[in-house]
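Architecture at a glance
If you want the building blocks of each chain, they are given just below.
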Amino acid sequence: MLHIHCPYCRESRSEEEFAYGGEAHIQRPSRPAQTSEREWGDYLHFRKGTRGVHREMWFHVAGCRRYFNVVRDTVSYAILKTYAMGEEP
Ligand SMILES: [Zn+2]
């Protein structure tokens with residue numbers, strides 16, 4: 001089981017308190033109406049699926065109910081860092 005440090009609550013809590021939110025730093029196309037079907041489909045559905053160090057979002061369901069970012073090794077499950085939305089990793 002993971003222990004995840006929430007940067008807003010400033011404490012480490014059990015994984016059971018959190019929900020995975022997918023890959024972090026996905027940029028929404030700035031002009032959706034002018035975006036091709038292929039580009040829009042890539043934005044909605046395709047993710048890197050990184051093996052190794054990966055940036056992802058988590059939601060603190062049983063705490064502050066806020067999203068934050070996690071840098072995690074997907075092979076070892078080790079969490080290398082957590083940081084608030086809008087911060088640089
Ligand atoms: Zn929290």
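Here the structure is a predicted model, which is why all the values come from computation and not from measurement.

**Remarks on the overall build of the protein chain**
Scanning the protein chain from N- to C-terminus turns up one helix and six strands. Starting at the N terminus and walking to the C terminus, you meet the elements of the protein chain as β-β-β-α-β-β-β. If one aligns the C-alpha atoms of the protein chain with their principal axes, the spans along those axes are about 45 × 30 × 25 Å. A total of about 6300 Å² of accessible surface is found on the protein chain, and carbon and sulfur atoms cover 47% of it. The protein chain carries 13 positive and 12 negative side-chain charges, and their two centres are separated by 3 Å.

**Re the pattern of salt bridges**
Applying the stated criterion to the full structure yields three salt bridges. One salt bridge in this structure joins Glu-11 and Arg-13, with 3.2 Å as the shortest N-O distance. Note on Glu-11: relative accessible area 38%, which makes it partly exposed. The class of Arg-13 is partly exposed, set by a relative accessible area of 32%. In this structure, Arg-13 engages Glu-17 in a salt bridge whose closest nitrogen and oxygen atoms are separated by 2.8 Å. Where salt bridges share partners, they join Glu-11, Arg-13 and Glu-17 into one cluster.

**Re the nonpolar core**
In this structure, Leu-2, Ile-4, Cys-6, Phe-18, Trp-58, Phe-68 and Val-70 together form the largest nonpolar core, which totals seven residues. Aside from chain neighbours lying at most four places away, what touches Cys-6 is Glu-11, Phe-18, His-60, Cys-64 and Phe-68.

**Description of the coordination of the zinc ion**
Coordination of the zinc ion by the protein comes from Cys-6 (SG), Cys-9 (SG), His-60 (ND1) and Cys-64 (SG), over a distance range of 2.1 to 2.4 Å. Geometry at the zinc ion is tetrahedral, judged from the four donor atoms that bind it and their angles of 105 to 118° at the metal. Summarised as a motif, the one-chain spacing of the donors to the zinc ion is C-x2-C-x50-H-x3-C. Of this pair, Cys-9 sits in the loop between strand S1 (3-6) and strand S2 (11-14) while His-60 sits in strand S4 (residues 53-60); the two residues are 51 residues apart in sequence, bridging distant segments of the chain. Overall, Cys-9 belongs to the partly exposed group, its relative accessible area being 28%.

Conventions we followed
Residues numbered from 1 in each chain as written. Predicted model: local features only at pLDDT ≥ 70, side-chain atom pairs only at ≥ 80, totals over all residues. Heavy atoms only, no water. Helix = DSSP H or I, 4+ residues; strand = E, 2+ residues; numbered from the N terminus. Areas by Shrake-Rupley, 256 points an atom, 1.4 Å probe, with all protein chains shown as cover. Lys, Arg positive; Asp, Glu negative; His and termini not counted. Charge placed at Lys NZ, Arg CZ, Asp CG, Glu CD. Salt bridge = Lys/Arg side-chain N within 4 Å of Asp/Glu carboxyl O. Buried < 20%, exposed > 50% of the residue type's maximum accessible area, 1.4 Å probe, protein only. Core = buried A, V, L, I, M, F, W, Y, C linked by side-chain atoms within 4.5 Å. Contact = heavy atoms within 4.5 Å. Donors = N, O, S within 2.8 Å, 3.2 Å for Na, K, Ca; no water. Tetrahedral: all angles 85-135°; square planar, octahedral: opposite > 155°, others 65-115°.

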